[in-house]
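Spelled out from the first residue to the last, the chains are:
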Amino acid sequence: MKIYAAKDYSDLSRKAANLISAQIIMKPDAVLGLATGSTPVGAYKQLIAWYEEGDLDFSRIRSVNLDEYKGLSGEHDQSYRYFMNHNLFNHVNIRKEDTNVPNGLAEDAEAECVRYNGVIAAMGGIDLQLLGIGGNGHIGFNEPSSVFEKGTHVVTLTEETRQSNARFFASIDEVPTHALTMGVGNIMSARKILLLASGEAKAKAVY
Ligand code: F6R
């Protein structure tokens, strides 16, 4: 494990974008595991800027996102599909059909989890998994625990996670109660993992 200290958020974002770019340049058809949340936004902005300058090509890149709220459609502005489209996919030349986010509206969420594990396997696994971390240490929507689910699964969100995500919704009542998330097994199977943490609120979790 390597720890890179960054002097501030923009330094962290540039360093993260550098590492992601290196993956894209070394393997133009790489599978990127992507995350939502506030932390990777700066890195995504930097990747878009380098794409616009002609330094990056996403045309053969494939992606799988960590998680999605259960019950939200991709058009809902708080869904993680919407977030990815607006913060990255719409601004680079990745093919939308090569981007994957769990379907929050799947009638059978358990079956959707099985399908999603199959998507990851069919792509040959994840080359680089980008992660944020919750203030309580959650990864994806895997809350701290002594026992972890290996594969993609449905989780009941903790009150702490719902409260912390309530800032993006009109009220706490609108925050979904469940989500579909990759499991710790999916994440740990990635060939490389890049975990970003920014700000004092993450210090305890990182420690
Ligand atoms: C996002 C995700 C979450 C976030 C975490 C940190 O896809 O799975 O685990 O990475 O909640 O969120 P931010 O970056 O908003 O502090």
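Structure report, in brief. Predicted, not measured: the structure shown is a model, and the values here were computed from it.

Description of the packing of aromatic side chains
Under the counting rule described, the total for this entry stands at five aromatic pairs. For the ring pair tyrosine 51 and phenylalanine 58, a centre distance of 6.3 Å and an interplane angle of 70 degrees mean the geometry is edge-to-face. Where tyrosine 80 meets phenylalanine 141, the ring centres are 6.0 Å apart and the plane angle is 5 degrees; that geometry is what we call stacked. Note that tyrosine 80 is positioned in helix H3 (residues 80-87) and phenylalanine 141 in the loop between strand E5 (128-131) and strand E6 (153-156), a separation of 61 residues in sequence. An aromatic cluster is built from Tyr69, Tyr80, Phe141 and Phe169, whose rings are joined through pairwise contacts.

Section: the nonpolar core
Ranked by size, the top nonpolar core spans 27 residues in total, and within it Ile20, Leu34, Tyr44, Leu47, Phe58 and Leu88 carry the most contacts. Where this core is concerned, the elements lending two or more residues are helix H1 (9-26), strand E1 (31-34), helix H2 (41-52), H3 and E5. If one sorts the elements of this core by residue count, H2 sits on top with six residues. In this structure, leucine 34 is in contact with Tyr44, Ser63, Val64, Asn65, Leu66, Met84, Leu88, Phe89, Gln129 and Leu130, ignoring residues within four places of it in sequence. Ala35, Val119, Leu131 and Ile187 belong to the second largest nonpolar core, which has 15 residues in total.

Focus on the environment of asparagine 100
Within the element layout of this structure, asparagine 100 appears in strand E4 (residues 99-100). Classification of asparagine 100 by relative accessible area gives buried; the value is 15%. Spatially, the C-alpha atoms of asparagine 100 and phenylalanine 58 are 14 Å apart, while their sequence positions differ by 42 residues. Residues contacting asparagine 100, with those up to four places away along its chain left out, are Ser63, Val64, Asn65, Arg81, Tyr116, Val119 and Met123.

Some remarks on the site of the ligand
Contacts to the ligand come from 14 residues, most closely from Thr39, Asp67, His138, Gly140 and Lys202. Within the side chain of threonine 39, one N or O atom sits 2.4 Å away from an oxygen atom of the ligand. In the environment of the ligand, an oxygen atom lies 2.6 Å from a nitrogen or oxygen atom belonging to the side chain of lysine 202. Contact with the protein chains removes 91% of the 410 Å² of surface that the ligand exposes when unbound.

Conventions adopted
Residues numbered from 1 in each chain as written. Predicted model: local features only at pLDDT ≥ 70, side-chain atom pairs only at ≥ 80, totals over all residues. Heavy atoms only, no water. Phe/Tyr/Trp six-rings, centres within 6.5 Å; stacked < 30°, edge-to-face > 60°. Helix = DSSP H or I, 4+ residues; strand = E, 2+ residues; numbered from the N terminus. Core = buried A, V, L, I, M, F, W, Y, C linked by side-chain atoms within 4.5 Å. Buried < 20%, exposed > 50% of the residue type's maximum accessible area, 1.4 Å probe, protein only. Contact = heavy atoms within 4.5 Å. Near = heavy atom within 4 Å. Polar contact = N/O pair within 3.5 Å; in protein donor to acceptor, adjacent residues only side chain to side chain. Areas by Shrake-Rupley, 256 points an atom, 1.4 Å probe, with all protein chains shown as cover.

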